[in-house]
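Each chain, letter by letter, is given below.
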Amino acid sequence: MLSSLSRILFASCVVVASLLSPPAHAQPSYDMTSVAGGGMQLSGPALSVKLYNPINVAFAPDGAMLFVDGYRILRLDPASQIVTIIAGNPDITAPAGSSGDGGLATAATLAVEGIAVDTAGNIYIAESGGNRIRRIDHATGFIDTIAGNGTQGFSGDGGPAIDATFNTPRSVTLDATGGLLIADSSNARVRRIDLTTGMISTFAGGGAQSADGILATDAYICSVSIVRAAADGFVYLTGPFCVYIWRIDPATQIITRYTNYGSGLVGGMELDKDGNLLYLNVLDALVRRVDKTTKAVTTIAGGGNEGPPLSDFTAGLDAYLYAPRGMAIDAAGTMHFGGGNLQRVYRLDEVAFGLSKIDSMKPHESPGTTVNVAINRRVASGTMMSTEPRKIGAEHYLQFRFNGPVTSFGGISIVDELMTSVTGFTITQYDSRILVQMPPVADKKRLTIRLTGVNGGPDIVTSVGFLLGDVNGDGMVDGADVIAAKLYSGQRTDTAARYDITLSGIASAADIAAVKARMGNALP
């Protein structure tokens, strides 16, 4: 048994000797990072801007990212990474409106929900609150209504779109044949404007049948809220509590069920560069992927406890999401989406399968529970960085997280600095995690942990140090640790876990004294 003072801190570096090779035919893994939001400015550097509820994303031909936040549209410049307001009222507390036609979009009021951008850079806006479709001219910056007279209802098919009525249009997308598709939500239809003639028609919905293999205009498609046209001409659509995502064949106009997304609400969907469908599950707060060949559905982001904010290279499966809305793919094939209530816009980068992070689970102040906090994260391809030391004891765990499913695992070995084998640990394998329950380890001890055969890849060699009082994790107890312990004194374990040396549940003067008592100690 360890004495109270030999409840040790997990102190030193974690160094990955080699990353894993991707298993054959494995689905891609993803890293996730914040690209906008988290600050307090109205406009300026992307990560310094205050966002409220970003719900839709689109990309312009020049690579700029456009996104909806409240009743305004913002633009993130790809070169400068500066965010500016290009349409709508800058005052986020201002009510929705639908005014300003014939003038600059920056002076207009909007009731915007969905946006799309054509190859000339013109922006199309679905105004769910105004029951109109509006357009911002790229060359002049002026805004005008191109469809809808502002009256709620259903009328106008076969005539000019400007005379039609809508009922809560929520989404717009440009198809491959010069048309604008509109999710006319409360009319349970997808409608199409021919952008050459200005005429409007029903493209899907309005029927009474909910079955595969029928004409899209004979189908009942529930309250459609999202419609997306792919480059190959296929059109995907869904709505809240529709259960299915549907697909329409451009050649036959036949509609079929493409995938069952379950309960809740789809907040956005796009096809990736390989033709797989990605979608956001709002209520479950997940990003999911539908394989184009097998139709297998897998989660690629969300379900974790990291964030906000997210630093670079946080594994998608470790990320915490809340009501994600709106998705777009940039020219390089990288997916971006609105973080909704987390007030950020995120990016998902496809990466090779590998180790993404190591967690340490330490005793919490409540008996029988643990707190799980990251000790390091990937900061660049192939390297790891220690960020938080951890207490250990008989109940201590190390958790190895991967950025994709672990399909095979050869085993683990642990030796100390004298190359003496350490025994008494147990291993549990989960979907994308390997959990190691550690035996008690003495103070000023360095262990080397080797994981073999993870998904058939090379060994992962991890060096971990245990040093009481080293709260900043640099392998030495010194004045910097005293300063850090003082800074966090008074905070509870779940917010300042690494400073609670005595395991009392709160960082306190006793922990500062424990650090001072160990001054000068270092790892071997």
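Residues numbered from 1 in each chain as written. Predicted model: local features only at pLDDT ≥ 70, side-chain atom pairs only at ≥ 80, totals over all residues. Heavy atoms only, no water.

Regarding the state of the cysteines
Inspection of the entire model under this criterion finds one disulfide. Here Cys222 is linked by a disulfide to Cys242, with a sulfur-sulfur distance of 1.6 Å. Between Cys222 and Cys242, the disulfide has an S-S torsion of 90 degrees and is therefore right-handed. Of the two residues, Cys222 sits in the loop between strand 16 (214-215) and strand 17 (226-229) while Cys242 sits in the loop between strand 18 (235-238) and strand 19 (244-248), which places them 20 residues apart along the sequence. Judged by its relative accessible area of 14%, Cys222 is buried. A relative accessible area of 11% means that Cys242 is categorised as buried. (Disulfide = S-S within 2.5 Å. Helix = DSSP H or I, 4+ residues; strand = E, 2+ residues; numbered from the N terminus. Buried < 20%, exposed > 50% of the residue type's maximum accessible area, 1.4 Å probe, protein only.)

Quick notes on the packing of helix 1 (residues 479-487) against helix 2 (residues 509-517)
Contact geometry for helix 1 and helix 2: axes closest at 9 Å, N-to-C directions at 175 degrees. As summarised for this structure, helix 1 and helix 2 are arranged roughly antiparallel, according to the angle between their axes. Contacts between helix 1 and helix 2 pair Asp481, Val482, Ala485 and Lys486 from the former with Ile512, Val515 and Lys516 from the latter. (Axes fitted to C-alpha atoms, helices over the stretch in contact; angles between N-to-C directions. Parallel < 35°, antiparallel > 145°, perpendicular 65-115°, else oblique. Contact = heavy atoms within 4.5 Å.)

Quick notes on the sheet that holds strand 10 (residues 132-136)
Overall, antiparallel pairing links the four strands, which are arranged 8-9-10-11 in an open sheet. Pairing within the sheet leaves two strands with one partner each, and these edge strands are strand 8 (112-117) and strand 11 (143-147). Strand-to-strand twist of the sheet, defined as the mean angle between neighbouring strand axes without regard to direction, takes the value 30 degrees. (Pairing = 2+ DSSP bridges.)

Describing the nonpolar core
By size, the foremost hydrophobic cluster in this structure holds 20 residues, and its most contacted members are Phe400, Phe402, Met438, Ile449 and Leu451. If you list the elements that add at least two residues to this core, you get strand 29 (355-363), strand 33 (397-402), strand 34 (411-416), strand 36 (433-437), strand 37 (445-452) and strand 38 (460-466). (Core = buried A, V, L, I, M, F, W, Y, C linked by side-chain atoms within 4.5 Å.)

Quick notes on the confidence of the model for the chain
Here the chain averages 82 in pLDDT, while 82% of its residues score no lower than 70. Under a pLDDT of 50 for its full length, residues 1-25 has, in the predicted model, 98 contacts with residues more than four places off or in other chains. Across residues 363-394 the pLDDT falls below 50, and counting only partners more than four positions away or on other chains, this stretch makes 132 contacts in the model. (pLDDT = per-residue confidence, 0-100.)

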